[in-house]
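A look at the structure
Here's the letter readout for the chains.
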Amino acid sequence: MSANNKLSNAFRIAELLQKHVKRGAFTADEQAEIDRWLAASEGNRGLFERISNESQLAFDLLELQDSDTESELAKIGDKLHGIANTRKWIWYGAAAVLFLFLSVGLGLYWYQIDNEKPTALVHDVQDDASPGGNRATLTLADGRTIDLNETQQGIVMGDDIAYTDGTSVLNERANEGVDDYELSTPRGGTYKITLPDGTDVWLNAESTLHYPSKFKNNERVVELEGEAYFDVSKQDTRVPFLVKTRGQTVEVLGTQFNVSAYTAEATAKTTLVKGRVRVTATTTRQSQVAVLEPGQQSVVQSEGMVINQIDVQPFIAWKEGYFHFKRTPFSEVLAQMSRWYDIELVYEGRVPYQTFTGKMSRNVNLTNVLKLFRGSGIQFRFENKKLYIQRYPE
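All chains use their own residue numbering, which begins from 1 and follows the written sequence. In keeping with the model being predicted, local features are shown solely for residues with a pLDDT of at least 70 and side-chain atom pairs are shown and tallied solely at 80 or more, while totals for entire chains, interfaces and linings include all residues. Only hydrogens and water are removed before side-chain values are computed, so all heavy atoms of the structure are retained for them.

1. Quick notes on the overall build of the protein chain
The condition that has to hold: Numbered from the N terminus, helices here are DSSP runs of H or I no shorter than four residues, and strands are runs of E no shorter than two. The contact criterion used is simple: two residues touch if any of their non-hydrogen atoms lie within 4.5 Å. Each accessible area is a Shrake-Rupley result for a 1.4 Å probe, and residues are judged covered by the shown protein chains and nothing else.
Scanning the protein chain from terminus to terminus reveals 9 helices and 23 strands. Taking all contacts inside the protein chain whose residues are at least 6 apart in sequence as the whole, residues at least 24 apart take part in 54%. Element-wise, carbon and sulfur atoms account for 47% of the exposed surface of the protein chain, whose accessible area totals about 19,800 Å².

2. Observations regarding the environment of H210
Cut-off, in case you're wondering: Only protein chains enter the accessibility calculation, which uses a 1.4 Å probe. A residue is then buried if its area is under 20% of the maximum for its type, exposed if over 50%, and partly exposed in between. Counting of polar contacts relies on pairs of N or O atoms within 3.5 Å, with two restrictions inside protein: one atom must be capable of donating a hydrogen and the other of accepting it, and residues adjacent in sequence are counted only when both atoms are side-chain atoms.
Within the secondary structure, H210 sits in strand β9 (residues 207-212). Overall, H210 belongs to the partly exposed group, its relative accessible area being 24%. Residues H210 and K244, 34 residues apart in the sequence, show an inter-C-alpha distance of 9.7 Å. If near-sequence neighbours (up to four positions away) are discounted, H210 is found in contact with Y181, E182, V222, E223 and E225. Of the polar contacts made by the side chain of H210, one reaches the side chain of E182; its length is 3.4 Å.

3. Points about helix α8 (residues 330-341)
Short version of the rule: Here the expected span of a helix is defined as 1.5 Å times the quantity of residues minus one.
An ideal rise of 1.5 Å per residue puts 16 Å on 12 residues; α8 measures up with 16 Å between its terminal C-alpha atoms. Extensive coverage of α8 is indicated by the burial of 9 of its 12 residues. Those residues of α8 that fall on the buried side of the exposure criterion are F330, V333, L334, A335, M337, S338, R339, W340 and Y341.

4. A short note on the pairing of strand β8 (residues 200-203)
Put simply, the rule reads: Two strands pair if DSSP finds at least two bridges between them.
Side-chain alternation along β8 places D200 and W202 on one buried face and V201 and L203 on a second face that is also buried. Here 4 bridges tie strand β7 (residues 189-194) to β8, and the two strands are oriented antiparallel to one another. By the bridge assignment, T194 is partnered in β8 with D200. Where β7 folds back onto β8 in an antiparallel hairpin, the turn is made up of 5 residues, including G198, whose phi is positive at roughly 95°.

5. Details of the nonpolar core
One broad rule of soluble globular proteins: the nonpolar side chains tend to lie buried together. Worth spelling out the cut-off: In this text, buried Ala, Val, Leu, Ile, Met, Phe, Trp, Tyr and Cys residues form a nonpolar core when linked through side-chain atoms within 4.5 Å.
Core analysis: the biggest nonpolar cluster contains 42 residues, and L148, I155, L209, Y211, F230 and F257 have the highest contact counts within it. Counting residues per element, this core draws most heavily on strand β10 (residues 220-231), which supplies 4 residues. Every residue in contact with F230, bar those within four places of it in the chain, is listed here: D200, V201, L209, V222, L224, F241, V243, T255, Q256, F257 and V259. Grouped together as the second largest cluster of nonpolar side chains are 24 residues, V333, V364, L370 and F382 included.

Rendered as structure tokens:
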């Protein structure tokens, strides 16, 4: 068989595998094609078995979905040098099957996950948990609290306080002086605020931002508990913007970054997307200072601070409405789910040791998200707003 025919055949097989994933019925000719392909090698039969196993398919796709297809194919090209022509095209054909299957099949799999009715993945399911939404409470300087409109996405600080569509929140002008405000999101809530200088802040679930109605001439300071994404205004780069959290201060001058500093967690993480930030860790007797470049993350804990080079997407995807995990410890995955679905975690034994890779919309019910953990060996029970983590693989 010529090289072109071998490559064409590889893509044909990928097309049939795609149909198999969609649970489509093969015609007699298609079944014969698949049977011949299965009979050709043990490797083909192994691949078919893996994609026929829904649990295994989920984890195979989740582990591979973040790969850069172009760079991976380039690596394949490098490996092809020096390989005999026959073996080269067999190898390249297998790669073509893999990448076409991933590019098409993965989208189909996610479509199914998002649109299927919940199945009995979680044993003894008595109810379900809906995803969070736009929910927040604004606390004014005089102690009054306002439950903000859930149909709105955020508020804007100016001469008065308004929603992003221009509708007034207070129906009164702000005080001429400087007042202290507090914006808080509950478990299962997110909200956006545009600060007096034009800085945009997205608050994740169970977070609180303390900020003034007006910034002073020589500094812009806010305090954060929980998690937020900042897009800092470059209105006046001479005035530093400071974010104070438990154990650290982040100083920026026109940048985009994410800060996660929940009280219940042992670490405070600052993830830089654009620009530069200076992180000062105050958890030890002697302060540690580091200047981050894009793609770096500082992790502050009681022992001090470390800097890691990371993929920023898993740490900012929540702002775009996604769960995105990349070799994330299961305990962190479940903690995010707990905050977003406003549920309590109950470990009936030790904490799972696995890491997890995957991405999906946060706008689905809890049982749909739990489908992703098929094949992990972990079993769940959900009832009365409590998720029981029951069985663990050895």
